[in-house]
Number of protein chains: 4
Amino acid sequence: MKKNIYTDLAVELHELVCEEKKQVKEEYEIDGVKVSVSKHGDSIEVTTVEVLDEMGEREIGKPIGNYVTIESKSMKENDIDIHESIISIMSKKLKEIYNIDTDSQILVVGLGNWNITPDALGPKVVSKVLVTRHIPEDLLPQESHKLRSVSAISPGVMGITGLETAEVVKGIVQRTNPDLIIAIDALASRSVSRINSTIQISDTGVSPGTGMGNRRMRINEENMGVPVIAIGVPTVVDAATLINDTMDYIIKDMATYVEKNSDFYKMLDELGLENRYPLIKDILEPYEGNMFVTPKEVDSVVDRISNIIANSINISLHKGITTDDINRYMY
Amino acid sequence: MKKNIYTDLAVELHELVCEEKKQVKEEYEIDGVKVSVSKHGDSIEVTTVEVLDEMGEREIGKPIGNYVTIESKSMKENDIDIHESIISIMSKKLKEIYNIDTDSQILVVGLGNWNITPDALGPKVVSKVLVTRHIPEDLLPQESHKLRSVSAISPGVMGITGLETAEVVKGIVQRTNPDLIIAIDALASRSVSRINSTIQISDTGVSPGTGMGNRRMRINEENMGVPVIAIGVPTVVDAATLINDTMDYIIKDMATYVEKNSDFYKMLDELGLENRYPLIKDILEPYEGNMFVTPKEVDSVVDRISNIIANSINISLHKGITTDDINRYMY
Amino acid sequence: MKKNIYTDLAVELHELVCEEKKQVKEEYEIDGVKVSVSKHGDSIEVTTVEVLDEMGEREIGKPIGNYVTIESKSMKENDIDIHESIISIMSKKLKEIYNIDTDSQILVVGLGNWNITPDALGPKVVSKVLVTRHIPEDLLPQESHKLRSVSAISPGVMGITGLETAEVVKGIVQRTNPDLIIAIDALASRSVSRINSTIQISDTGVSPGTGMGNRRMRINEENMGVPVIAIGVPTVVDAATLINDTMDYIIKDMATYVEKNSDFYKMLDELGLENRYPLIKDILEPYEGNMFVTPKEVDSVVDRISNIIANSINISLHKGITTDDINRYMY
Amino acid sequence: MKKNIYTDLAVELHELVCEEKKQVKEEYEIDGVKVSVSKHGDSIEVTTVEVLDEMGEREIGKPIGNYVTIESKSMKENDIDIHESIISIMSKKLKEIYNIDTDSQILVVGLGNWNITPDALGPKVVSKVLVTRHIPEDLLPQESHKLRSVSAISPGVMGITGLETAEVVKGIVQRTNPDLIIAIDALASRSVSRINSTIQISDTGVSPGTGMGNRRMRINEENMGVPVIAIGVPTVVDAATLINDTMDYIIKDMATYVEKNSDFYKMLDELGLENRYPLIKDILEPYEGNMFVTPKEVDSVVDRISNIIANSINISLHKGITTDDINRYMY
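Computed from a predicted model, the values in this text were never measured in an experiment.

So, on to the pairing of strand 9 (residues 291-295) of chain D. Residue and element names in this part refer to chain D. By the criterion of burial, strand 9 is predominantly enclosed, with 5 of the 5 residues buried. With burial as the criterion, each face of strand 9 is covered, one bearing Met-291, Val-293 and Pro-295 and the other bearing Phe-292 and Thr-294. In terms of strand pairing, strand 8 (residues 228-238) meets strand 9 through 2 bridges, oriented antiparallel. The residue of strand 9 that forms the bridge with Val-237 is Val-293.

On to the interface of chain C and chain D, then. Each partner contributes to the interface: chain C provides 22 residues, whereas chain D provides 22 residues. Of all residues in chain C, His-134, Leu-163 and Arg-175 of chain C give up the largest surface area on contact with chain D, accounting jointly for 32% of the area buried on that side. If you look at where chain C meets chain D, you find 2 salt bridges. With a shortest N-O distance of 2.8 Å, Arg-175 of chain C and Glu-167 of chain D are connected by a salt bridge. Summed over the shared surface of chain C and chain D, the number is 4 residue pairs in polar contact (both at pLDDT 80 or more). At the level of elements, strand 5 (150-153), helix 5 (158-161) and helix 6 (165-176) of chain C are the ones that each hand at least two residues to the side of chain C that touches chain D. With 8 residues, helix 6 of chain C is the largest single contributor of residues to the side of chain C that touches chain D. The residue inventory of the side of chain C that touches chain D, partitioned by class, reads 10 nonpolar, 8 polar and 4 charged.

Moving on, we get to the confidence of the model for chain A. Here chain A averages 88 in pLDDT, while 90% of its residues score no lower than 70. Both scores are given for the predicted complex: the pTM is 0.93, the ipTM 0.91.

So, about the relation of the copies chain D and chain A. In screw terms, the move from chain D to chain A is a rotation of 180° and a rise of 0.0 Å along the axis, fitting with an RMSD of 0.0 Å. Expressed as a symmetry operation, the mapping of one chain copy onto the other fits a two-fold axis. Ranked by how close their C-alpha atoms come to the rotation axis, the residues of chain D are headed by Val-293 of chain D, at 2.2 Å. Mapped onto chain A, 100% of the interface residues of chain D are again interface residues, and the two copies thus contact each other with one and the same surface.

With that settled, consider the interface of chain D and chain A. Each side of the interface is counted separately: chain D has 47 residues, and chain A has 47 residues. Buried area between chain D and chain A, summed over both chains or domains, comes out near 4,100 Å², and the portion from carbon and sulfur atoms is 72%. Among the residues of chain D in contact with chain A, Tyr-249, Tyr-287 and Lys-296 of chain D are the three that bury the most area, contributing 18% of the side total. At the surface where chain D touches chain A, the tally comes to 0 salt bridges. Where chain D packs against chain A, one counts 13 residue pairs in polar contact (both at pLDDT 80 or more). Where the side of chain D that touches chain A is concerned, the elements lending two or more residues are helix 8 (239-255), helix 9 (263-272), helix 10 (277-284), strand 9 and helix 11 (298-317) of chain D. With 10 residues, the single largest contributor to the side of chain D that touches chain A is helix 8 of chain D.

Pairing of strand 9 (residues 291-295) of chain B with strand 9 (residues 291-295) of chain C, which is carried by 5 bridges, proceeds in the antiparallel orientation. When the bridges of strand 9 of chain C are listed, Phe-292 of chain B appears paired with Thr-294 of chain C.

Turning to the relation of the copies chain C and chain D, a few remarks are in order. When chain C is brought onto chain D, the operation consists of a screw motion whose angular component is 180° and whose axial shift is 0.0 Å, with 0.0 Å RMSD remaining. The residues that chain C uses at the interface reappear at the interface of chain D in 100% of cases, marking a shared surface.

Residue and element names in this part refer to chain A. Among the structural elements, Glu-50 can be located in strand 2 (residues 44-51). Taking the C-alpha atoms as reference points, Glu-50 and Tyr-287, 237 residues apart in sequence, are found 36 Å from one another. With sequence-adjacent residues up to four places away left out, Glu-50 is seen in contact with Gly-32, Val-33, Lys-34, Gly-65 and Asn-66.

Each value, and the rule that gives it
- Residues numbered from 1 in each chain as written.
- Chains lettered and ligands numbered in written order.
- Predicted model: local features only at pLDDT ≥ 70, side-chain atom pairs only at ≥ 80, totals over all residues.
- Heavy atoms only, no water.
- Buried < 20%, exposed > 50% of the residue type's maximum accessible area, 1.4 Å probe, protein only.
- Helix = DSSP H or I, 4+ residues; strand = E, 2+ residues; numbered from the N terminus.
- Pairing = 2+ DSSP bridges.
- Contact = heavy atoms within 4.5 Å.
- Buried area = accessible area lost by both parts, 1.4 Å probe.
- Salt bridge = Lys/Arg side-chain N within 4 Å of Asp/Glu carboxyl O.
- Polar contact = N/O pair within 3.5 Å; in protein donor to acceptor, adjacent residues only side chain to side chain.
- Nonpolar A, V, L, I, M, F, W, Y, C, P; charged D, E, K, R; others polar.
- pLDDT = per-residue confidence, 0-100.
- Least-squares fit on C-alpha atoms with pLDDT ≥ 70 in both.

Pasting the structure below:
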C-alpha cells in the first residue's frame, strides 16, 4: 500500500489498491476481498467491503471482517429528511451486524478527546444514547419491557488520563460483563470529499486515537473478550496525506506535458515514489505527522452526525424505540 | 446517631454525639475516638479525628481510620494568600497520610457529576492534576526524575453511565495496577457554615454519590485492593437536614418560654423526636430526600477549592514540584 | 406581602395575599387582579393572572400585565408524551401573547449563569433555538419563506462580565433593532412543589438574576424600547424562604395544641411575625440571603425543560415548523 | 500580493512582498513600512512592523499602524519558564501600546467560536481575565486601589447568534462606555511553523472570523468610537494556502532540474501563476475555501497560550498585579 497516505476507511484502502493496479475500481477484483454497492434514493450509497481471508487482509491492510460504509453528501448538511433516511438505513444495518438476543447487555463506548471538536464525536454520541442499565425494573416507564440494558462511557484519551484507553475499557468490561461493545470514534479519511459524509460500521474493532493520534492497543473481540462493533466517521484528513495527494495531483497534471522516457519524466516518476517524504516533512515542520485538516463548520456538523448515530443506536437496541421516535429519547 | 440528619464529616458526627450526650465538645471523651485540634495562623484550623476501634465506629458511625479536617472561612473567598497557606498545610498532611515510596504509581479519581456545579469538584480537580503516566521517560522535561507516575480519570456517575462507579474504578485499577488511589468527591455537611470551608482527608475511602445521591459500593482498600485516600469538601447541605435543624432551633427557642413538665413541653419534646419526619417529608414534597442547599456563588467557589486541592496533590506527589510552583502546573 | 418570603411567580404571590386575607384561594377576589384556570387533560393546568391596575400591582407586587402559568408535575419527568402536549399548549399561548406580524424580527435572550446548573436554563434554551437572521435568503432551505428572522444570545451574568446584563441587551437591541425580545430566565418559587413543574410566560419583562441574585435593571419594554416576553421556570427555592415556611409549618402545627389567648399562643404569634428573621439569618450563617435549594437531578431536568421551551419558541415563531417537527430543529 | 495565500500576520505579509520582489527579507526595504527585530534570550524574538502610510498599506495589505509580533517555538510547549518570560515581555509591550491613564475603563472582548477548539482562544482568555467593573469599591480587597475597572465578554460568532459580532460589541460599547477595547482572536498564518508560536499585538483592530470565516465589519477605533488593541495568535493555516505552498515548493524543486526557457519551464512558470486555482479547488472539493489545518494537540496548546495572554493582560492593566503574581488571579 502507498506510503505517505493515511486512511481508516476500508473503501478507500480498496480504492488505493485498485489505483495501484492501474485499474478502475469497478472492473478490478482483489483476491480475498468482496465489494458490493447499493443505492438508497439518489443521495445515499451503501458499500459493503468483506475482507475474506489473510490474502485480502494483506492486500488492503484491514483485518478479516465486514465493513459497511454509508455515504451521503447530505449527512453534513442541515437536511433533516435525509438524516432520517440515513437513521433508518443505519439502524437496520446495525441490527443485521449485531449478533445478540433480547437479554444481551450492551456497553457503548465513546472514544476520542472531547476537547478537540472533530475528535469529540464519540463522547457526543454517548451523551445522547439512552442509558438504562441502572434503572430498577419497577422504575422503568411502561414500555420498560421493550428497553434493553444499556450502559455508556467516554473513557477519554491517553493525553488526558495517562492510561491506555483499551485497558480502561477492558477493565470496565471485565467488571460489568456486557455481551457486546459498540465503540464510536472519529476517523481520518484520505479524501476531503468523504469528511463528514461517511459512516463506517465494522465488526473488527477499532484502535483508539487513529483519527487523531498513534495506533494503540486495539479494542476488538480478541482483546476485550466480547464482540466489538465499531462505528466511525472521518472528520479529518491527515495533513501529510493531503500534501502527498496534492503532489500526485500536480505531477499527474505535468506528466501530460512531457513525453515518456524523457529525463524529466523519470524525475517526475521518482517524485512519485517515496523520496518525496522529506519534502512533506519540510512543509509541515515542526509538526510533521501531527496535523489534520478539517472544515470550518466542524462543530455543527459533528453535532448533526452524532445525532444520526445516537438515534440509530437507540433504535437498533430497543424494541420500544422506532424510527417514529427519532430525537424523542435524545435528552 | 440522630435521624433526619445527614453529614459526611467525621468532625460533625463527633459533635453530634457530644450534643446528644449533652456535653460540650471540648470536655467530652467518646470511647474509641481520639480528637486533636491545631491552629495555623488565626484563620486555619486542622482537626484530626481518629476512630480507634469498633466502639468508636459504632459511636460516631464512621469506619476505623484517620480523618484530617482542614477548616478556613477564607477557603471560599478570593483570598489567594490564605489559599497558599492551605495548600502548603494540605500537601504536608497528604504526604504524612500516604504510605508510598518514590516508585509508587498513583491513580487520581474525580468522583461526582460534572453537570451539577456543586458535584463537579472531583472532575475539576482531575482536570488540573499533572498526569505523567503516559509520557515516555525520554520526552519528560529535565526534572522528569522528580516526577512520579500519575494517571487520572473522572468515571462519571451512575445516572450518566448506568454503571456502578466503584466497579468502573475497580476495573481500571485491576488493569493498570496503581499502588494508591486518591479519590476526590463533593460531600454534604450538616451545618451551612462548613460548606466550602472544610476539606476532609481520610484513609477510609469514600462512597460515590454520598454528597448528591444514595450510598453505593464503597471505594476503599477492601474493595479496590489498594489503599485509598479520600479527599472531600462539603459543597451542599441536605435540605431535609436543614429543615430538621431549623425545627430543633425553633423548638429550643420555644422551650425557654415554657416551664418543664407542662403538657406543652412534652409536646415540644415529642417534636424533638422522630415523629417530625412526616412534617419534613411534607415540606419537601415531592422531592423528599432528594434536594440540596448550596450557595449562589458555588461556581467560582468550586473553581477555587479545586485549585487548592489539585495544587496540594501535585506538590505532595512530585518531588519536582514545591509550594513555589503553585499554579505553575495547572494548565 | 409577607417578608422573609421570595417568589418570582405571580400565582404564588396571589396565593400569598389570599392566605394573608385568611381566605381560601378559590373564593377570594383581590381588587385589580383577575385569575382564571383551565385544565388540559388530567396532568396540565394553565392559570392566567391578569394584573389590571395600580391597585392589583400594589396588592400582589407584580407589574400590570399578563402572567400565564403552565403547570404539570410531569414536566420534570422523562415523560415525552406529556412534554409534547405541553409544547403544543405553550406554543399556542406564545402566539397569543406575541403581537407581531410575519416580517417582525425576534431576539431571543438566554439570561442566567451557564456555570450554575439550575441557572443555566436560559443559555440552554438559546443553544436550541433555530437562529436564521444571518442566513442569506438564497441559502435558506426551500421552506425559507416559512422561516422568520431570529437571532439569539446569552449575555452572561454580571459576576462573569462585570456588566449590567440589561445594558448589554439594550446595546444589542439598539444596534440590531429587533421588533420583539423573548427573554428566558431561571426563577425562584416559594414552594418546593412548583420547582421544575411550572413555566411562567409574561409580557412585563424580567429582572436578570432574580432567581439567583439581586434584582437589577429590568429587561422590559420601558427600558428596552421594544416589547419583551419573559419565559421563566422556577428551578430553585430561596433557602431563607424554605426555612421561613418550615417555621410557619411547625408553628401552625403547634398552635393546634394551645388554647387561644394563652401567653404561649401570643409567643407563637410573635414568632409568626418579623422578629423571626434573626433566627433565619443565624441558621444560614455565613450565607444569609445567598443560598438556594434545588433537586439532585437538576441537570437532566433543566435539559428536558429547556427542550420544551426551545421547541415551543421555534414552533411559535416559524410558520414552517409545526408540532410534527418537535425536536427536528434542535441540533 | 499573491493570490491563493491567506495570512493575518503582518510579518508574513511583509515576507511575501519581499519574496515577490525576489529579495531576501533582511536587505529589502518596502516603501512606507518599517521593520525592526529584537531578541530576548535565545528563544524569544520580537518583530515590530510599522505601516507608515497609504504606500505601505497598499504594499503589504494591512492598515496603517503598529504590529508587534512575539515569536517563540516554546510558546506551544509545556515550558513554564519561557512562558513566564513571554508574559513579562508581552505585558510590557501592552503597556507601551495602550494609551490610557489610571482611571480608564477597559472592555476585553474574546472573539471566536468556543465550540471549535482552535477558534476558542478569545473566549478562553476572557474566562481568565480578572473582571472588576461590577465590584463595589468597599467590597474590593485591600489592594483594590491598585485594581482598574475591567469588564469582559465573549460575544460568540454570527453562526451561533445570527448577529454581526462587531454590532454586538459596538452596542455594548455604546451602553457601557469603556475607554479602550482589547480584542483577542484566533488567526490564520501562512506557514505551519508559526502556528501557536506567534502572538501579534496591533493597534489597528481586528475583523471577527478572519481566522475561521469571512471578513466582517471590522472592530477598530473608527467603527467602535474608542481605541482597539487587537491580540491575535495563529492557531490554523488555511488549507488552500497549504496546498498552494506545497505546489510552489514542488515546482521550485523541479525548476532546478530544467533549463530556463525550455517549454517545460514555461509550463512550470504558468503553474506558478494563478491558473492553479482550479486544481486547489478540485483537491478541496466540496469544501474549497472552508478548511483549515491545525495540530493534534491544539486543545492543550490553546489552554497554554490563553494563559500567557490572560496573565499578560492582567499584569498590564492592574498596578496591583505583577509578574510575581503569574497565575495567581486566574481562577
